[in-house]
Amino acid sequence: MPSPQTIVATEEVCERLKVMIRQEIDYMIPDYLTPAWQAGLAAAEVSDPSTTDNNGDESSPSSSEPINVLWRDKICEWCYNLVDHYELARESVSVAMNIVDRYVSSRFITPKTYTIVAVTAIHIAIKLVSPWKLRMNHLLDLCAGKYTAGDIASMELVILNALSWRVHPPSAFDFCGELIDSSFTESTPDALNDLQDKARYLTELAVIDYFFITRKPSSVALASILVALELTRDQVDPRDKDRFTSRVGQVGLDASDEEVIQCYTRLRVMYRNNTSAEEEEPEVGGRGQGSPTGVGELANTPSKKRKRIQEDKEGRLITEHGEEIARFEPV
């Protein structure tokens, strides 16, 4: 029979998860890249330019290229490279992309504005999530002098007001942490670490893929753990699997929900595609848990490696292959 302390701890975890489930509704994102949605934003810009802040960019909706998923891919890769280089919390990227997606879903955006929105979003996210902070001069240097501290401070205020200061969403990684830590207590440390690593990697793949922006973080987290359990096979103690199933039901989640199944199916395919593409590469030593800087690199697994970044003689941030990937205008 569980001890009184265990019962209290379980109740606290369930209550936190229920609060997170309620909170995630406030951070949901529409499918804003559809032609109809973009046309609506462009029409709103034409009828009332005051609803849009395009950072001094005078491009009109009719003359500006519509935003697309490639913009988002490049921003996401840039953010992961940045946090990897400065050894910042990787969850910052999830928060930053939620800020970016919600902001640009509400107004017409030009390439110039999209870039500073992304730079400002990662700046906000690092302050919220990472125990280590990024100095403003380092961030400005990575932008190759395109922006000033005043530019970023001004855009930060615009974003905060536009999002009603809701900039700290419960992420899929947060849900994974609560569910795994409270459920998997009987498995060996190695089995638990393997499960956590794979679940984390899967949630980071979901950050990169536009498909997941309309899905709830709790659904992504549940799907990630289910795929991770499948990948770890018999390593996890059966009692933990039962406890996990019970915990999911206690907080009102459902593994058979259609959205969870969609996320599960997509993540299984992504994991298979990305791990098979990298399986011949040896691991390169590095800190903590790695994860993709683009869709295609596996986290903290012996046969995989992530892009490593270093400074060349001219102070540029480059990959091991000599590509300059951090100091550039993402869009």
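For the structure, see preceding data.
What you are looking at is a predicted structure, and each value in this text was computed from that prediction instead of being measured.

Participant: Could you clarify how one ought to interpret the packing of helix H3 (residues 69-85) against helix H4 (residues 91-104) in this entry?
Facilitator: A pair of packed helices is characterised by two quantities: the angle between their axes and the separation of those axes. Between H3 and H4, the least distance of the axes is 10 Å, while the angle of their chain directions is 150°. Between H3 and H4, the crossing angle belongs to the class labelled roughly antiparallel. Relative to H4, the crossing made by H3 is right-handed. Counted together, Arg72, Ile75, Cys76, Cys79, Tyr80 and Val83 of H3 and Ser92, Val93, Met97 and Asp101 of H4 form the full contact between these two elements.

Participant: What am I meant to see in the environment of Arg200 here?
Facilitator: Note on placement: Arg200 falls in helix H9 (residues 189-208). With 28 residues separating them in the primary sequence, Arg200 and Ala172 have C-alpha atoms 8.7 Å apart.

Participant: So what exactly am I meant to see when it comes to the packing of aromatic side chains here?
Facilitator: Centre distance and the angle of the planes are the two values used to describe a pair of aromatic rings. Inspection of every chain in the model, using the stated rule, returns five aromatic pairs. Lying across the ring of Phe211, Arg215 places its NZ or CZ 3.9 Å from the centre.

Participant: Any chance you could explain the pattern of salt bridges here in plain terms?
Facilitator: Once their charged atoms are close, side chains differing in charge can pair, the charge on each being opposite to the other. All chains considered together, the criterion is met by 16 salt bridges. The shortest N-O distance in the salt bridge between Asp101 and Arg72 comes to 2.9 Å. Taken together, the residues span a long stretch of sequence, with Asp101 in helix H4 and Arg72 in helix H3 at a distance of 29 residues. Just as Asp101 is buried, Arg72 falls in that class too. Close ionic contact of Arg200 with Glu204 constitutes a salt bridge, the shortest N to O distance being 3.4 Å. Separated by four residues within a single helix, Arg200 and Glu204 lie in helix H9, roughly one turn from each other. Note on accessibility: Arg200 and Glu204 belong to one class, buried.

Participant: Please clarify how helix H2 (residues 35-47) should be interpreted in this entry.
Facilitator: Think of an α-helix as turning once every 3.6 residues; residues three or four places apart then point the same way. In a regular helix each residue adds 1.5 Å, so 13 residues correspond to 18 Å; H2 covers 18 Å between its end C-alpha atoms and thus fits that length. Those residues of H2 that fall on the buried side of the exposure criterion are Gln38, Leu41, Ala42 and Glu45. Taken down its axis, H2 places every buried residue within 100° of arc, on the same side. For H2, exposure combined with an orientation more than 90 degrees from the buried face picks out Ala36 and Ser47.

The rules behind these values
- Residues numbered from 1 in each chain as written.
- Predicted model: local features only at pLDDT ≥ 70, side-chain atom pairs only at ≥ 80, totals over all residues.
- Heavy atoms only, no water.
- Axes fitted to C-alpha atoms, helices over the stretch in contact; angles between N-to-C directions.
- Helix = DSSP H or I, 4+ residues; strand = E, 2+ residues; numbered from the N terminus.
- Parallel < 35°, antiparallel > 145°, perpendicular 65-115°, else oblique.
- Left-handed = near helix turned anticlockwise from the far one by under 90°.
- Contact = heavy atoms within 4.5 Å.
- Phe/Tyr/Trp six-rings, centres within 6.5 Å; stacked < 30°, edge-to-face > 60°.
- Lys NZ or Arg CZ within 6 Å of the ring centre and 35° of its normal.
- Salt bridge = Lys/Arg side-chain N within 4 Å of Asp/Glu carboxyl O.
- Buried < 20%, exposed > 50% of the residue type's maximum accessible area, 1.4 Å probe, protein only.
- Expected span 1.5 Å × (residues − 1).
- Arc of directions from axis to C-beta.

These values are about where atoms sit, not about what they do.
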